[in-house]
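# Structure at a glance
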Amino acid sequence: MKLLVAGEGPTELGDRAQPPQYRKGREGVLEVLLARVLEGVEYEICDAVVWSRLAKEPPGRRIVSYRVGMGTRGEGKTVLKLALRAFETKLDAVAFVRDRDRDEERQKVVDDAIREAAAMFEHVKVVGGVAVEAIEAWALAARDERDCERHARPKDHFEGSVVDVLREADLDVASRRSPSLREWLGRARTLRDATSEK
Amino acid sequence: MIESFTVSNFGCVRNASAKLTPLHAFIGPNDSGKSTVLRALQWAAGWRSRGLPPQADGASKIEVALARDGLSVRFRTTRSQLNGTDRTILSSKPLGEFESQMERLGFGAPLGIVELVRFDADRLREPSLLLSRTKLSTFVSSRGAGLPAVLMDIRGRPDDLGARIEQRFRARFPYVKGLSLPPTDDNRVALELVTIDGKTLSTSQLSEGLLYYLAFEALRHVEDVKLLLVEEPENGLHPARIAEVVKVLREISDSGTQVVMATHSPLVINELGADEVTLVTRPSVEEGTRLTPMRATRNFEQRSKVYALGELWLAYADGDTEAQLVSNGSNEDAAQ
């Protein structure tokens with residue numbers, strides 16, 4: 001199985017957020033979580049894209065962005081563009097996470113877009129969702145913090161490496177504390193199960 | 001309406017065909033042949049009055065299919081050298097039969113007036129000679145010279161057309177109270193604007209966008225134009241005004257004048273449907289210009305679900321070969 005991963009920056013993507021010449025193999029949250037959920041499944045991360053750059057970078061090109069003034073609706077467009085990018089580069093699945101950043105509309109738009117992408121590109125599986133309110137909340141959940149999703153800025157309540165914490169975390173515990181992580185893992189397990197059935 | 005055409009050996013076009021819609025746009029990189037395609041259409045549609053195409057040597061051949069209300073006619077014009085002299089030959093039918101068919105289609109023979117415009121703000125600003133009442137009101141040049149006279153002519157018509165144009169114009173430019181068309185010392189007519197606070201602005205004080213908008217508003221009322229060819233209607237316009245200009249062009253096409261344009265603006269394309277856009281590329285000098293319907297570009301079905309039409313073009317355009325749009329990777333190739 002060939003995968004495209006997308007996220008906001010180095011926390012989600014590790015060194016894959018950098019141009020290839022600067023990569024030293026440092027993993028991001030997506031790589032770590034996929035490794036845990038897809039254990040036993042043969043897969044390869046073939047492409048990575050930073051969320052904010054997606055509108056500017058169709059496969060193989062660098063051109064000026066045209067995404068202007070779309071606001072939250074643009075988040076849904078970005079999900080669809082990810083699925084299209086996977087389709088055009090013949091990849092099997094997209095995995096992404098996006099911070100909700102206290103924008104409840106964003107969560108709905110992203111969830112709708114995931115369903116829309118599944119209908120548009122039936123050969124591309126989409127594993128994704130928003131982290132409420134940000135990716136650090138998932139690490140807080142892994143530390144069994146009850147209010148992890150109530151912090152407006154979870155980053156202010158977390159010290160350490162999100163990646164390292166999630167690499168070692170008991171994901172069942174973390175899922176109980178963070179519904180957004182539970183939903184993301186559920187979608188990832190669906191991908192694993194679908195792949196295993198083949 | 002011209003439904004389709006084929007052009008051979010005309011400028012940089014070796015052999016290319018396209019289907020047209022009542023409102024149609026050609027997009028593509030610089031030097032791909034968009035303007036040449038418009039000139040070919042201008043030449044074919046005005047085959048009797050416009051003379052020979054700008055071609056150094058060899059034979060030019062243009063086939064045009066016209067259709068309306070179930071009636072259709074095809075004709076071919078060929079330019080060739082005969083005894084060392086350039087000749088334009090209509091080779092489809094006996095001339096009388098052809099002319100009568102064209103008449104039945106409402107095109108007359110030749111097609112009726114064909115206008116090609118590429119507005120230039122400096123030309124639009126020029127005072128112009130008054131139009132003769134026996135002449136159809138039209139711009140004096142493709143760059144827009146003659147705008148004041150056209151406006152004067154429209155204002156002089158018995159209906160309230162001039163007032164309606166001014167009303168729409170004021171709605172777009174709320175600081176304008178009205179248009180003024182004073183005579184000049186050399187018996188010409190100039191264009192001025194009167195603002196709501198009573199100031200008079202000469203054309204040198206008017207923005208390009210305002211002048212273009214006014215010219216397109218006037219264009220829709222230029223009489224008897226069956227085919228209007230427009231180069232870069234977006235020139236000098238604010239992005240928000242581009243949609244309005246395309247709306248004006250669509251109204252012109254709805255009223256029976258086919259409008260075909262060449263554009264570099266994705267904002268223009270965003271206002272059109274997929275069938276209304278043709279991509280123009282020139283892969284090599286030898287192959288010449290290639291015309292690809294937007295709907296036939298690579299992965300169009302999938303891409304069009306994600307991108308607006310203009311955004312799709314911009315997202316995959318490289319300004320050169322447009323390989324990501326026209327490369328051999330078909331929908332089937334991309335499917336898994």
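For every chain, the first residue of the written sequence is number 1, and numbering continues from 1 onward in sequence order. Chains and ligands are labelled sequentially in the order written, the chains with letters from A and the ligands with numbers from 1. Per-residue local features are limited, in this predicted model, to residues with pLDDT of at least 70; the limit for side-chain atom pairs, both in listing and counting, is 80 or more; totals at the level of whole chains, interfaces and linings are taken over all residues. With hydrogens and water excluded, all non-hydrogen atoms of the structure serve as input to the side-chain values.

## Points about the overall build of chain A
Stated precisely, the cut-off is as follows: Helix and strand assignments follow DSSP, with helices taken as H or I runs no shorter than four residues and strands as E runs no shorter than two, numbered in order from the N terminus. The contact rule is simple, with two residues in contact once any of their heavy atoms fall within 4.5 Å. In short, Shrake-Rupley with a 1.4 Å probe defines the accessible areas, and a residue's cover is counted only from the protein chains shown.
Scanning chain A for helices and strands turns up eight helices and six strands. Ordered by position from the N terminus, the helices and strands of chain A form the series β-α-α-β-α-β-β-α-β-β-α-α-α-α. Taking the contacts inside chain A whose residues are at least 6 apart along the sequence as the reference set, 70% of them involve residues at least 24 apart. Counting every atom, chain A has about 9,600 Å² of accessible surface; 42% of that belongs to carbon and sulfur.

## Notes on the nonpolar core
To keep it simple, the criterion reads: Take the buried Ala, Val, Leu, Ile, Met, Phe, Trp, Tyr and Cys residues and link them wherever side-chain atoms come within 4.5 Å; each set so joined is a nonpolar core. Note on exposure labels: buried denotes an accessible area under 20% of the residue type's maximum, exposed denotes more than 50%, and partly exposed covers the range between, all computed with a 1.4 Å probe on protein chains only. Note: domain ranges come from an automatic or database domain assignment.
One finds L82 and F96 of chain A together with F119, F139, F169, L219 and L249 of chain B to be the most contacted residues of the largest nonpolar core, which totals 90 residues. It is helix α6 (residues 208–219) of chain B that contributes the most residues to this core, nine residues altogether. Each of domain 1 (1–112 + 224–336) and domain 2 (116–220) of chain B contributes no fewer than three residues to this core. Counting residues in hydrophobic clusters, the runner-up holds 40 residues, among them A17, V97, A139 and A174 of chain A.

## As for the packing of helix α4 (residues 147–155) of chain B against α6 of chain B
Residues and elements named next belong to chain B. Threshold: Geometry is summarised by axes, namely lines fitted to C-alpha atoms with helices restricted to the contacting stretch, and by angles between N-to-C directions that run from 0 to 180 degrees. Angle categories are assigned with fixed cut-offs, so that under 35 degrees is roughly parallel, over 145 is roughly antiparallel, 65 to 115 is roughly perpendicular, and the rest are oblique. Each crossing gets its hand from how the near helix is turned against the far one by less than a right angle, where anticlockwise is left-handed and clockwise is right-handed. Put simply, Ala, Val, Leu, Ile, Met, Phe, Trp, Tyr, Cys and Pro go in the nonpolar bin, Asp, Glu, Lys and Arg in the charged bin, and everything else, Gly too, in the polar bin.
Two numbers describe how α4 lies on α6: the axes approach to 10 Å, and their chain directions differ by 45°. In terms of their interaxial angle, α4 and α6 are classed as oblique. Crossing angle aside, the handedness with which α4 passes α6 is left-handed. Taking contact as the criterion, the partners of L147, V150, L151 and I154 in α4 are, on α6, L211, L214, A215 and A218. Taken together, the residues of the contact of α4 with α6 break down into eight nonpolar, no polar and no charged.

## A few points about the sheet that holds strand β5 (residues 125–127) of chain A
The strands making up a sheet associate through hydrogen bonds between their backbones, and the pairing can be parallel or antiparallel. Residues and elements named next belong to chain A. This is how the line gets drawn: A pair of strands is treated as paired once DSSP finds two or more bridges between them.
Read from one edge to the other, the open sheet built from four strands follows the order β2-β1-β3-β5, with strand pairing classed as parallel. A single partner strand is all that each edge strand has here, and the edge strands are β2 (44–50) and β5. Taking each pair of neighbouring strands and ignoring which way they run, the sheet shows an average axis angle of 20°. Judged from the three bridges that link them, strand β3 (residues 93–96) and β5 form a sheet pairing that is parallel. For A95, the partnering residue across the bridge sits in β5 and is V127. Of the strands in this sheet, β1 (2–7), β2 and β3 touch helix α2 (residues 29–37), which is tilted by about 140° from β1.

## A word on the sheet that holds strand β12 (residues 200–202) of chain B
Residues and elements named next belong to chain B. Taken in spatial order, the three strands make up an open sheet running β9-β11-β12, and their pairing is antiparallel. The two strands at the open ends of the sheet, each matched to only one other strand, are β9 (176–180) and β12. Averaged over all neighbouring strand pairs, the angle between strand axes comes to 25°, with direction disregarded. Where β9 lies against strand β11 (residues 192–195), four bridges are found, and the strand directions are antiparallel. When the sheet's bridge partners are listed, S180 is paired in β11 with E192.

## So, the pattern of salt bridges
When the charged atoms of two side chains with opposite charge come close together, those side chains can pair. Quick reminder of the rule: Salt bridges are identified by distance alone: a Lys or Arg side-chain nitrogen within 4 Å of an Asp or Glu carboxyl oxygen.
A complete count under the given rule lists 38 salt bridges over all chains for this structure. Between D31 of chain B and R282 of chain B there is a salt bridge whose closest N-O contact spans 3.2 Å. Here the residue D31 of chain B occupies a position in the loop between β3 (23–27) and α1 (34–45), and R282 of chain B occupies one in the loop between β15 (277–281) and β16 (290–293), the gap between them amounting to 251 residues. Residue R282 of chain B is classed as partly exposed on the basis of its relative accessible area, which comes to 23%. K305 of chain B is paired through a salt bridge with E301 of chain B; the nearest N and O atoms lie 4.0 Å apart. Taken together, the residues K305 of chain B and E301 of chain B, both in helix α9 (residues 300–306) and four residues apart, mark about one turn of the helix. Residue class for K305 of chain B comes out partly exposed when judged on its relative accessible area of 39%. Classification of E301 of chain B by relative accessible area gives partly exposed; the value is 46%. Through salt bridges with shared partners, one network takes in E8, E75, R98, D101, D103 and R106 of chain A.

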